[in-house]
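Each chain, letter by letter, is given below.
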Amino acid sequence: MKAGWVTPDAPREEELAACVHCGLCLPVCPTYRLTGDEAASPRGRLAAMSAVANGSAAVEGTFDEMMSFCLQCRACEVACPSLVPFGRAMEGARAELATQRSSPARRARGRLLGSRGLGSRRTVALATTLAAIGQRLRVPRWMPGRLAGALAGLRPLPLRTATTLGRAWDAWPAPVGTAALLAGCVMDPWFAAVHAASIEVLRRAGYRVEVPAGQVCCGALAAHDGAADEARALAAANQAAFAGYDLIVVDSAGCGAHLKEYGSWIPGGEPWGSRVRDITEVVAAAISDGRLPTSPENNIPVAVQDPCHLRHAQRIIEAPRTLVRAAGYTVTEIDPLAMCCGAAGVYSLLHPETSAELGGRKAEQISATGAQIVASANPGCEMQLRTHLDAEIRVAHPIELYAEVLS
Ligand code: SF4
Ligand code: SF4
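So, a few notes on the structure that sits alongside this text. (Residues numbered from 1 in each chain as written. Chains lettered and ligands numbered in written order. Predicted model: local features only at pLDDT ≥ 70, side-chain atom pairs only at ≥ 80, totals over all residues. Heavy atoms only, no water.)

### So, the site of ligand 1
Consideration 1: In the region of ligand 1, the neighbouring residues are Cys29, Pro30, Thr31, Pro42, Arg45, Cys70, Leu71, Gln72, Cys73, Arg74, Cys76 and Phe86.
Consideration 2: Among the elements of the structure, α2 (30-35) and α3 (42-53) are those that each provide at least two residues to the shell around ligand 1.
Consideration 3: Classifying every residue of the shell around ligand 1 by side-chain character gives eight nonpolar, two polar and two charged. (Near = heavy atom within 4 Å. Helix = DSSP H or I, 4+ residues; strand = E, 2+ residues; numbered from the N terminus. Nonpolar A, V, L, I, M, F, W, Y, C, P; charged D, E, K, R; others polar.)

### Section: the site of ligand 2
Consideration 1: Around ligand 2 sit 13 residues, and of these Cys19, Cys22, Gly23, Cys25 and Cys80 come closest.
Consideration 2: Classifying every residue of the shell around ligand 2 gives nine nonpolar, three polar and one charged.

### Some points on the pattern of salt bridges
Consideration 1: Within this structure, the stated rule accounts for 25 salt bridges.
Consideration 2: One salt bridge connects Arg155 with Glu382, and the closest N-O pair in it is separated by 2.6 Å. Placement of Arg155 in the loop between α10 (146-152) and β1 (168-169) and of Glu382 in helix α21 (residues 379-388) is noted, with a sequence separation of 227 residues between them.
Consideration 3: Arg155 sits in the buried class, given a relative accessible area of 12%. (Salt bridge = Lys/Arg side-chain N within 4 Å of Asp/Glu carboxyl O. Buried < 20%, exposed > 50% of the residue type's maximum accessible area, 1.4 Å probe, protein only.)

### Examining the sheet that holds strand β8 (residues 373-376)
Consideration 1: Read across the open sheet, the four strands follow the order β7-β6-β8-β9; overall the sheet is parallel. In this open sheet, the two strands that pair with only one neighbour each are β7 (330-333) and β9 (394-396). Sheet twist, expressed as the average angle between the axes of neighbouring strands with direction ignored, equals 35°.
Consideration 2: In terms of strand pairing, strand β6 (residues 301-305) meets β7 through four bridges, oriented parallel. Across the sheet, the residue bridging to Val304 is Glu333, located in β7.
Consideration 3: Its contacts with the sheet place helix α22 (residues 398-406) against β6, β8 and β9, and it is angled at close to 95° to β9. (Pairing = 2+ DSSP bridges. Axes fitted to C-alpha atoms, helices over the stretch in contact; angles between N-to-C directions. Contact = heavy atoms within 4.5 Å.)

### Brief notes about the packing of helix α12 (residues 192-204) against α22
Consideration 1: Two numbers describe how α12 lies on α22: the axes approach to 9 Å, and their chain directions differ by 55°. As the angle between them shows, α12 and α22 are arranged oblique. Crossing of α12 over α22 shows left-handed handedness. From α12, Ala193, Val194, Ala197, Ser198, Val201 and Arg204 reach across to α22, where they touch Ile399, Glu400, Tyr402, Ala403 and Leu406.
Consideration 2: Of the residues belonging to the contact of α12 with α22, the class tally is eight nonpolar, one polar and two charged. (Parallel < 35°, antiparallel > 145°, perpendicular 65-115°, else oblique. Left-handed = near helix turned anticlockwise from the far one by under 90°.)

### A look at the sheet that holds strand β5 (residues 276-278)
Consideration 1: Read across the sheet, five strands follow the order β1-β3-β2-β4-β5 without closing on themselves; strand pairing throughout is mixed. Only two strands of the sheet have a single neighbouring strand rather than two, namely β1 and β5.
Consideration 2: Bridge count between strand β4 (residues 248-250) and β5: three bridges; the pairing is parallel. By the bridge assignment for β5, Val250 is matched with Asp278.
Consideration 3: Packing against the sheet, α12 makes contact with β1, β2 (177-181), β3 (207-210) and β4, and its axis sits at approximately 150° to β3.

### Observations concerning the environment of Leu154
Consideration 1: Relative to the elements of secondary structure, Leu154 occurs in the loop between α10 and β1.
Consideration 2: By relative accessible area, Leu154 is classed as buried at 9%.
Consideration 3: Residues Leu154 and Arg12 lie 142 residues apart in sequence; the distance between their C-alpha atoms is 38 Å.
Consideration 4: Leaving out residues up to four positions away in the same chain, Leu154 has contacts with Ala131, Gln135, Trp190, Met383 and Arg386.

### Re the state of the cysteines
Consideration 1: If you walk through the whole model with that rule in mind, you get zero disulfides.
Consideration 2: Not engaged in a disulfide, the cysteine Cys381 finds its nearest cysteine sulfur in Cys341; these two sulfurs lie 4.0 Å apart.
Consideration 3: Residue classification places Cys381 among the buried positions, given a relative accessible area of 7%. (Disulfide = S-S within 2.5 Å.)

### Some points on the packing of aromatic side chains
Consideration 1: One pass over the structure, following the stated rule, counts four aromatic pairs.
Consideration 2: On the basis of an interplanar angle of 70° and a centroid distance of 6.5 Å, the ring pair of Phe242 and Tyr245 is categorised as edge-to-face. Exposure class is identical for Phe242 and Tyr245. Each is buried.
Consideration 3: Centroid distance Tyr262 to Trp272: 4.9 Å. Interplanar angle 70°. Geometry classified as edge-to-face. (Phe/Tyr/Trp six-rings, centres within 6.5 Å; stacked < 30°, edge-to-face > 60°.)

### Some thoughts on a nonpolar patch on the surface
Consideration 1: A cluster of nonpolar side chains, contributed by Leu126, Leu130, Ile133, Leu137 and Leu159, occupies part of the molecular surface with about 480 Å² of accessible area.
Consideration 2: Within the element layout of this structure, Leu137 appears in the loop between α8 (121-136) and α9 (139-142). (Patch = residues over 30% accessible without salt bridge, like charges linked within 9 Å, V, L, I, M, F, W, Y side chains within 5 Å. Areas by Shrake-Rupley, 256 points an atom, 1.4 Å probe, with all protein chains shown as cover.)

### Regarding the environment of Arg45
Consideration 1: Secondary-structure assignment places Arg45 in helix α3.
Consideration 2: Owing to a relative accessible area of 1%, Arg45 belongs among the buried residues under this scheme.
Consideration 3: Each C-alpha atom of the pair Arg45 and Arg121 lies 36 Å from the other, and the pair is 76 residues apart in sequence.
Consideration 4: Among residues more than four places away in sequence, those in contact with Arg45 are Cys29, Thr31, Ala39, Ala40, Met66, Met67, Phe69, Cys70, Phe86 and Met90.
Consideration 5: Side-chain polar atoms of Arg45 contact the backbone oxygen of Ala40, separated by 3.2 Å. (Polar contact = N/O pair within 3.5 Å; in protein donor to acceptor, adjacent residues only side chain to side chain.)

### Considering the nonpolar core
Consideration 1: Leu259, Val283, Leu292 and Tyr402 are the most contacted members of the largest nonpolar core, which has 84 residues in total.
Consideration 2: For this core, the element with the highest residue contribution is helix α16 (residues 279-288), accounting for six residues.
Consideration 3: With residues near it in sequence (within four places) discarded, Val283 still touches Val201, Leu292, Leu323, Ile399 and Tyr402.
Consideration 4: Ranked by size, the runner-up nonpolar core spans 24 residues in total, among them Trp5, Leu46, Ala48 and Cys70. (Core = buried A, V, L, I, M, F, W, Y, C linked by side-chain atoms within 4.5 Å.)

Here's what the structure looks like:
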């Protein structure tokens, strides 16, 4: 398919042709529900991509707005009876935008989400130190603008960060295998407690845990933003770093979803989907086969938030709930549609009003449950929830809640 496309990453003919325009995806689409506008729906976006593909429209301003407004939450994929791979098609459309509507700001953003920013340990460490200083000076409280909102959701950061990179831990009981942990870009310095909990529980489940040196940011945010070459370079580096590992464990839902789909970023690459597991999948399996214990019920409710890239992209629903129950808590449901919380990578910076609207709605749903603890398996969602929830409500990764009862 060519016509208006110029890159090899463009939406493919079979992806667009699969849409039969039934509209079943409309009720689950957050941007359609907010606006009621067909142009903000999955069906409308696919129609716009098809118009470019057949040459009746160009990649111009309106197309840019329609694609950029999408959260890439992939709720539409789950609802679609024709199995339209919307996430892949949208990444293709974003790659076209990055090329056909290239600008200095867009190129800079691509580099920040790739090699110069999230892909650079040095840059992430510097940003972490600056953010840690900002937290101590209470900068987010008086700083205006979008960055203040993002900083407000961060966990307290250390001034000097440790790293798990290149380290290894032996299993506690008789080993069942080796698990290679994705360190991630900001997970290491910003969510060190989540990694510590993952490592501890994996060891107790019988895994030797290794964090291979040489790995980099997974590239999910670069891919979502259309910085395809940056995303490919990061995927290739991780391909080399994780060579030889049969089990790659990820404790950030967005990163795990992207790693599982590396096959489409590394042509002829290995079958990543069968090697990558979310931490909740691995631990839920170990609980069900008796390698890990369950705790007595404590009747404390925990609201389980479903990150889009866990529930819609990876189709994992039960595993985080298994961990919460095994920790003794009572699972409390928030929203049967698991609507996006509005974090969506850099969406909160690019579309702050829509992001805040969705974040506020999610916070209201959580508050209505009365739960004082929220379990979320994705760092971006956690930050968004903390920004919008009352400060006394705890937001933690399910693996943290489970690790606490093991210790
Ligand atoms: S990915 Fe999410 S926001 Fe985008 S069209 Fe699909 S449901 Fe709507
Ligand atoms: S549900 Fe699928 S086939 Fe139906 S309109 Fe949406 S994307 Fe097209």
